[in-house]
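Chain by chain, the residues:
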There are 2 protein chains.
Amino acid sequence: MTAEEGKERFIQSWGALGSSWGINRTMAQIHALLLISSEPLCAEDIMEELMISRGNANMNIRALIDWGLVHKVLKQGERKEFFMAVKDMWEVVKNIIIQRKKRELEPMLKVLDEISNVESTDEASENFLQVIRDIKLFSNKADATLDSLVKSDSNWFVGTFMKMIK
Amino acid sequence: MTAEEGKERFIQSWGALGSSWGINRTMAQIHALLLISSEPLCAEDIMEELMISRGNANMNIRALIDWGLVHKVLKQGERKEFFMAVKDMWEVVKNIIIQRKKRELEPMLKVLDEISNVESTDEASENFLQVIRDIKLFSNKADATLDSLVKSDSNWFVGTFMKMIK
DNA sequence: TTGTTTTTTCAGTAATTGTTGAAACTTCTT
DNA sequence: AAGAAGTTTCAACAATTACTGAAAAAACAA
């Protein structure tokens, strides 16, 4: 396999992985492309490499910046913007956790709180409340755990965690 | 909020949550419905409650069984099948981890292995290889960590983990 | 074996989600 | 201020994904 084929393969796989996690294919592919690029790329580079339109490129680049996975880079003497991916994997995963927690886990916790105020009348609604309480308990633990995880450093994950739980 | 409204709310939210994680809305809604039901339900119950077709119900119930999130229950004297969700949240999350690891993480590890065999010719492909190696290292750690997590028990998660990493 | 009930499959269709491309906007330069 | 370079927006369109409903298959009963 040549380097060129390897890159192509990686971009495709990363795109497919994104897809199955609710991240659109193109956004994941742009991320992959920037990850493996040694130089910051501009919108045109990305459009050309992935054969996508300007609008598509722009929207997905903004989304990546929004997720904290890509940074804007200004080259002196150049007017246009260049983009560079955060390459530290721990940083990448941390940012994804932070964003998804905020966008998905926290709203769910809010809903669970609201729901757990229903008055239990019969056996069926008693069961309902019990399930909601369990999920709430579990979600709160997960929330707290993710907070700690995000605060801890890469070394901790790569080095210590496995010994602790083995 | 009445119990009925609460249930409705929960089913909708769980469906939306599923959506943003690459799980189809209906599958997540069926899961929600079974979670909060005190009795096992049959296909017709589910079709009626969620206003979906028989085909849709059937396919998504099978998928839930496939993921280990729902079990088939046979009531004596009844010919048709009934379904019951696994209600222990730890068990639910564990099964989801097992499945997604198998379906997504492991194939990605395979791809990374293949890719990391490209010969490095120039500076650009050297950078490429370095990124791939980093991702591989990180993914292997994640893989091992998830294995341990799945082997550990609920109590560990709910009780001990947070103290350890604080 | 034949009829009845239940489950499964899948081609066609519907709904959702993602993409394009051109116009509007912004920023910079002279 | 006018033009050039670059960025953003979004209505129309395309691609993908999900759902339906009816027919086939399977499971069971008499």
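None of the values given here were measured: they were computed from a predicted structure.

Participant: I'd love a proper account of the overall build of chain A, names of residues and values included.
Facilitator: On a plain count of helices and strands, chain A comes out with seven helices and three strands. Mapped from its N terminus to its C terminus, chain A presents α and β elements in the order α-α-β-α-α-β-β-α-α-α. In terms of C-alpha radius of gyration, chain A reaches 21 Å, well past the compact-globule figure of 15 Å for 166 residues. For chain A, the C-alpha atoms occupy an extent of roughly 70 × 40 × 35 Å along the three principal directions. Across the 166 residues of chain A, 47% fall into the buried class. Sequence-distant contacts in chain A: of pairs separated by 6 or more residues, those separated by 24 or more amount to 52%. A total accessible area of about 8,600 Å² is found for chain A, and carbon and sulfur atoms account for 53% of it.

Participant: Before we move on, can you summarise the packing of aromatic side chains with the specific residues and values?
Facilitator: Where two aromatic rings form a pair, the distance of their centres and the angle of their planes describe that pair. According to the stated counting rule, one finds five aromatic pairs over all chains in the structure shown. Pairing W90 of chain A with F138 of chain B gives two aromatic rings, centres 6.3 Å apart and planes at 50°, and the pair type is tilted. A residue pair is termed interchain when its members come from two chains, as with W90 of chain A in helix α5 (residues 89-115) and F138 of chain B in helix α6 (residues 123-151). Like W90 of chain A, the residue F138 of chain B is buried in the burial classification. In this structure, R100 of chain A packs its charged tip against the face of W21 of chain B, placed 4.1 Å from the ring centre.

Participant: Which residues make up the pairing of strand β3 (residues 81-85) of chain A, and what values go with them?
Facilitator: Residue and element names in this part refer to chain A. The pairing of strand β1 (residues 41-42) with β3 spans two bridges and is classified as antiparallel. Residue C42 lies in a different strand from β3, and its bridge partner there is F82. The pairing of strand β2 (residues 70-74) with β3 spans five bridges and is classified as antiparallel. In the sheet register, V73 faces β3, and the bridge partner there is F82. Connecting β2 to the next strand, β3, in antiparallel fashion are six residues, including G77 with a positive phi near 85°.

Conventions we followed
- Residues numbered from 1 in each chain as written.
- Chains lettered and ligands numbered in written order.
- Predicted model: local features only at pLDDT ≥ 70, side-chain atom pairs only at ≥ 80, totals over all residues.
- Heavy atoms only, no water.
- Helix = DSSP H or I, 4+ residues; strand = E, 2+ residues; numbered from the N terminus.
- Rg over C-alpha atoms; globule rule 2.2 N^0.38 Å.
- Buried < 20%, exposed > 50% of the residue type's maximum accessible area, 1.4 Å probe, protein only.
- Contact = heavy atoms within 4.5 Å.
- Areas by Shrake-Rupley, 256 points an atom, 1.4 Å probe, with all protein chains shown as cover.
- Phe/Tyr/Trp six-rings, centres within 6.5 Å; stacked < 30°, edge-to-face > 60°.
- Lys NZ or Arg CZ within 6 Å of the ring centre and 35° of its normal.
- Pairing = 2+ DSSP bridges.

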